[in-house]
Amino acid sequence: FNSFSEYTALIEQPRKQLDVTAETGSRERGFGNITHRSGNERFAHVAFFQASRDEGARIQRDDDNIQGFFQGKLAFTPRTDLFVSYTGVRSSEGASETANRIFGDSIFSAVVLRQFTTKPDPTETNRFHSNELTLGMKHQWRVGSAFTAAARYQTLEQTVELPGSFIACSGLDLSQV
């Protein structure tokens, strides 16, 4: 929310809306999106869910991304509202086909180049998980005077799984194993 005291105007709308979108393309790409919005003075919300999948650099494993969002308010009285906002993202993908490279040792003389790779590492996996929850209460004392309190919780995890090392044996006859 940009301004907690003005959050209800964003979602409190008299119309009901449901949008469903689907896409497909090369590299076994698929994408879907569902958005729903509804509202009145008592309860209002907006939510979306997106999922995508496409063939990436990893062998026998597609890249996927799932994200969702919900924002809602519940009015206890005409002047007191409870509001909630949630955002979640889960992404798992292989090595990128592009990489940014920085050349130079100074901030003012560094050159950033985008490098394209035709054969990214098929064993690398990049994972990203994020959750953010905001819960709050707003009470309007009189016109132009409101009290707003909010609490926020966030988790963020980003990992890069690189291929394991190969084991080299010398002087051992492994044909009997």
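Turning next to the overall build of the chain. Check the secondary structure of the chain and you find one helix and nine strands. Ordered by position in the sequence, the α and β elements of the chain form the string α-β-β-β-β-β-β-β-β-β. Of all 177 residues assigned to the chain, the portion counted as buried reaches 24%. Pairs at least 24 residues apart make up 53% of the contacts formed inside the chain by residues separated by at least 6 positions. Approximately 12900 Å² of the chain is accessible, and the part contributed by carbon and sulfur atoms is 55%.

We now examine a nonpolar patch on the surface. Where nonpolar side chains cluster on the molecular surface, the patch consists of Leu-18, Val-20, Ile-34 and Phe-49 and spans about 410 Å² of accessible area. Residue Leu-18 is classed as exposed on the basis of its relative accessible area, which comes to 56%.

This model, assessed by the stated rule, comprises one aromatic pair. Relative to Phe-69, the ring of Phe-48 lies with its centre 5.8 Å away and its plane at 25°, an arrangement referred to as stacked. Placement of the pair is Phe-48 in strand 3 (residues 43–54) and Phe-69 in strand 4 (residues 63–77), with a sequence separation of 21 residues. By relative accessible area, Phe-69 is classed as partly exposed at 23%.

Quick look at the pairing of strand 5 (residues 80–94) now. Summarising the sheet, strand 4 and strand 5 pair through 13 bridges and their orientation is antiparallel. For Asp-64, the partnering residue across the bridge sits in strand 5 and is Ser-92. Taking the residues between adjacent antiparallel strands as the criterion, strand 4 and strand 5 are bridged by two residues. Relative to strand 8 (residues 125–142), strand 5 runs antiparallel, the two being bridged by 15 bridges.

Another point: the confidence of the model for the chain. Interpretation of this model should avoid reading the predicted coordinates in detail wherever pLDDT is low. When the pLDDT values of the chain are averaged, the result is 81; 82% of them are 70 or greater. Confidence over residues 1–6 falls short of pLDDT 50; this stretch has 12 contacts with residues more than four positions distant or in other chains.

As a further point, take the environment of Gly-30. Relative to the helices and strands, Gly-30 resides in strand 2 (residues 29–39). C-alpha of Gly-30 to C-alpha of Ser-52: the two residues are 22 residues apart in sequence and 5.5 Å apart in space. Those residues in contact with Gly-30 that lie beyond four places of it in its chain are Glu-23, Thr-24, Ala-51, Ser-52 and Arg-53.

Glancing now at the sheet that holds strand 5. The strand order 1-2-3-4-5-8-9 describes an open sheet built from seven strands, whose pairing is antiparallel. Both outer strands of the open sheet, strand 1 (17–25) and strand 9 (145–161), are each paired with one neighbouring strand and no more. With strand direction ignored, the average angle separating the axes of adjacent strands in the sheet is 5°. Bridge count for strand 2 against strand 3 is 10 bridges, and the pairing is antiparallel. The partner of Arg-37 across the bridge, within strand 3, is Val-46.

About the thresholds
Residues numbered from 1 in each chain as written. Predicted model: local features only at pLDDT ≥ 70, side-chain atom pairs only at ≥ 80, totals over all residues. Heavy atoms only, no water. Helix = DSSP H or I, 4+ residues; strand = E, 2+ residues; numbered from the N terminus. Buried < 20%, exposed > 50% of the residue type's maximum accessible area, 1.4 Å probe, protein only. Contact = heavy atoms within 4.5 Å. Areas by Shrake-Rupley, 256 points an atom, 1.4 Å probe, with all protein chains shown as cover. Patch = residues over 30% accessible without salt bridge, like charges linked within 9 Å, V, L, I, M, F, W, Y side chains within 5 Å. Salt bridge = Lys/Arg side-chain N within 4 Å of Asp/Glu carboxyl O. Phe/Tyr/Trp six-rings, centres within 6.5 Å; stacked < 30°, edge-to-face > 60°. Pairing = 2+ DSSP bridges. pLDDT = per-residue confidence, 0-100. Axes fitted to C-alpha atoms, helices over the stretch in contact; angles between N-to-C directions.

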